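Chain and residue survey
Residue-level listing of the chains:
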Amino acid sequence: MTTPLTTSLTLFDTRSRSLKPVTASNGEYLRIYSCGPTVYRDAHVGNLRTFLLGDLIVRTLALSGVRSELVQNITDVGHMSEDLHEDKLLAESAATKIDPFEIARDYESKFHNDLALLGITPAKHYPRASESIQMMLDLIQTLMDQGSAYLGSDGSVYFDAQSFPSYGEVSGNKLSQLLPGHKYEYSEEGAKRFHADWALWKAAGNRTQMVWDSPWGMGFPGWHIECSAMSISYLGGAVDLHLGGIDLRFPHHENERAQSNSVSGEEIVAQWVHGEHLLFEGRKMSKSAGNVVLVHDIVAAGLDPLSLRLCFIENRYRSQIDLTWDSLHAADATIKRWRKKLSEWGVSTPSIQSESVIASLTTLLMNDLGTVDVAIELRRIERDDSISLGEKAHIFRAIDSVFALDLDRVEVKGELTSEQAALLEERAAARAAKNYARSDELRDQLLLLKIAIVDSPAGQSYEVIP
Ligand SMILES: [Zn+2]
């Protein structure tokens, strides 16, 4: 029998509303699932805050020698628009006259670039919903066979919400509190048996794009079943940590839990961890308000994209933050100062004192990802004369394995324009993400700006063409 491995990291579990030690149920490594992007538009900095959460957890666990396996899905079908009647990808396709799969692949590649710019270690798998249809069909069939799902009068397959008595434990929304008429799931009028049931498989109707054959006719999957299927399939039937933005608690995660637990008869997800929203300059970011900020905007402003990472690190993941241009500029200055100091401090000299400081900083991280406290400590250590320069270097490098601010980077002196610098950053990220099409494109753009790229196994370097 497997003995679970309880790590020293505690995180806030949304379902039990308490801090819980993170535990690897297979006794070897953490199995983590993170809800990924719906690839119909750019991920904004708020989305990226959630995606960073997985990276901070993986890196913190690695600090104490615990391995993890992260799976993050790519939603390229089935995520309905706010009025619940149109697939987000197809709506974008109708507006732009571009093939929906082409849109999906384009934004998917931009998503990987953004992750690389933020120093986020790639997940083990990025399964696409559109390529996981058979997994979903198998899951739906099982749910039907055991009586948790049924074929509605409109040809769509619905989950029978009342068949799952513990519905509501993640979000607090019990079935008895969900009123008819509340729009939380698309359905044809009268096709469902109960108002809170939701579609697992939607009949195609007039839709001709992004549809697949199934035992119930042509159609497409519901968004919630996608995550049940991909998390169970790719993580071998148990999810130690399930991550996502706070807005996904209901109905997405609530419905996912009902589906996954009904299939297995067990609590598939041991711990639900949710990242909070962010405001930008005091306002909720939205396309309609016109204040959406992308990583690209930060780079275009001449800032290191890792300044965004430091801003997130300096706020607890489950507190709402108000991101501002001032805070981004301040973070950019801090990173530059730390890089300069680290190069002056030179070689790391481990000592009993520095090891003990690292141990206490690690303890802070283990306490519900206390990155805020660690950042405060780093600023104190920076000024502490009782710590030698080599010891400071040792401490900063150890913590940078989690903070990943690339503090050992040597700032290149030269006369690069902000446009050249931005393109170089983006090109390095594209190459790191193995997005060769994009990195070739950027190399050509840079050449026009008199920057010649030289690639080697050690990375990208460049020469300014006189
Ligand atoms: Zn999901």
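Look up: the structure comes first, before these words.
A short tour of the structure in this document, coming up. (Residues numbered from 1 in each chain as written. Predicted model: local features only at pLDDT ≥ 70, side-chain atom pairs only at ≥ 80, totals over all residues. Heavy atoms only, no water.)

**Re the coordination of the zinc ion**
- Bound to the zinc ion are the protein donor atoms C35 (SG), C227 (SG) and H252 (NE2), situated 2.1 to 2.2 Å from the metal.
- Site description for the zinc ion: donor spacing in sequence, C-x191-C-x24-H. A residue pair is termed long-range when its members are at least 10 positions apart, and C227 in helix α5 (residues 223-234) and H252 in helix α6 (residues 249-264) qualify at 25 residues. (Donors = N, O, S within 2.8 Å, 3.2 Å for Na, K, Ca; no water. Helix = DSSP H or I, 4+ residues; strand = E, 2+ residues; numbered from the N terminus.)

**Quick word on the packing of helix α10 (residues 352-366) against helix α11 (residues 371-383)**
- Between α10 and α11, whose axes approach to 8 Å, the crossing angle comes to 155°. When the axes of α10 and α11 are compared, the pair comes out roughly antiparallel. Pair α10 / α11 crosses with right-handed handedness. When α10 is examined against α11, the residues V357, L361, L364 and L365 are found in contact with a partner set consisting of T371, D373, V374, E377, L378 and I381.
- Residue classes in the contact of α10 with α11 are distributed as seven nonpolar, one polar and two charged. (Axes fitted to C-alpha atoms, helices over the stretch in contact; angles between N-to-C directions. Parallel < 35°, antiparallel > 145°, perpendicular 65-115°, else oblique. Left-handed = near helix turned anticlockwise from the far one by under 90°. Contact = heavy atoms within 4.5 Å. Nonpolar A, V, L, I, M, F, W, Y, C, P; charged D, E, K, R; others polar.)

**Points about the packing of helix α8 (residues 306-313) against helix α9 (residues 325-345)**
- It is at 8 Å that the axes of α8 and α9 come closest, and there the two elements cross at 105°. Viewed along their axes, α8 and α9 adopt a mutual orientation that is roughly perpendicular. Contacts between α8 and α9 involve L306, S307, L308, L310 and C311 on the former and, on the latter, S327, L328, A331, D332, T334, I335, W338 and R339.
- Classifying every residue of the contact of α8 with α9 by side-chain character gives eight nonpolar, three polar and two charged.

**Digging into the pattern of salt bridges**
- Counted by the stated rule, this structure contains 34 salt bridges.
- As a salt-bridge pair, D76 and R105 come within 2.7 Å of each other at their nearest N and O atoms. One end of the pair, D76, is in the loop between β4 (67-72) and α2 (88-96); the other, R105, is in helix α3 (residues 100-117), with 29 residues separating them in the sequence.
- For D76, a relative accessible area of 0% translates into the label buried.
- Looking at R105, the relative accessible area reads 26%, which means it is partly exposed. (Salt bridge = Lys/Arg side-chain N within 4 Å of Asp/Glu carboxyl O. Buried < 20%, exposed > 50% of the residue type's maximum accessible area, 1.4 Å probe, protein only.)

**Some thoughts on α11**
- Taking 1.5 Å per residue, 13 residues should reach 18 Å; α11 reaches 19 Å between its end C-alpha atoms and fits that length.
- All buried positions along α11 are accounted for by T371, V374, A375, L378, I381 and E382. Looking straight down α11, one finds that the buried residues subtend no more than 120° of arc, so they occupy a single side. Turned more than 90 degrees away from the buried face of α11 sit I376 and R383, all of them exposed.
- If you follow the buried residues of α11, they end up packed against α8, α9, α10 and α12 (389-403). (Expected span 1.5 Å × (residues − 1). Arc of directions from axis to C-beta.)

From the geometry alone we can't say anything about function, so treat these as descriptive.
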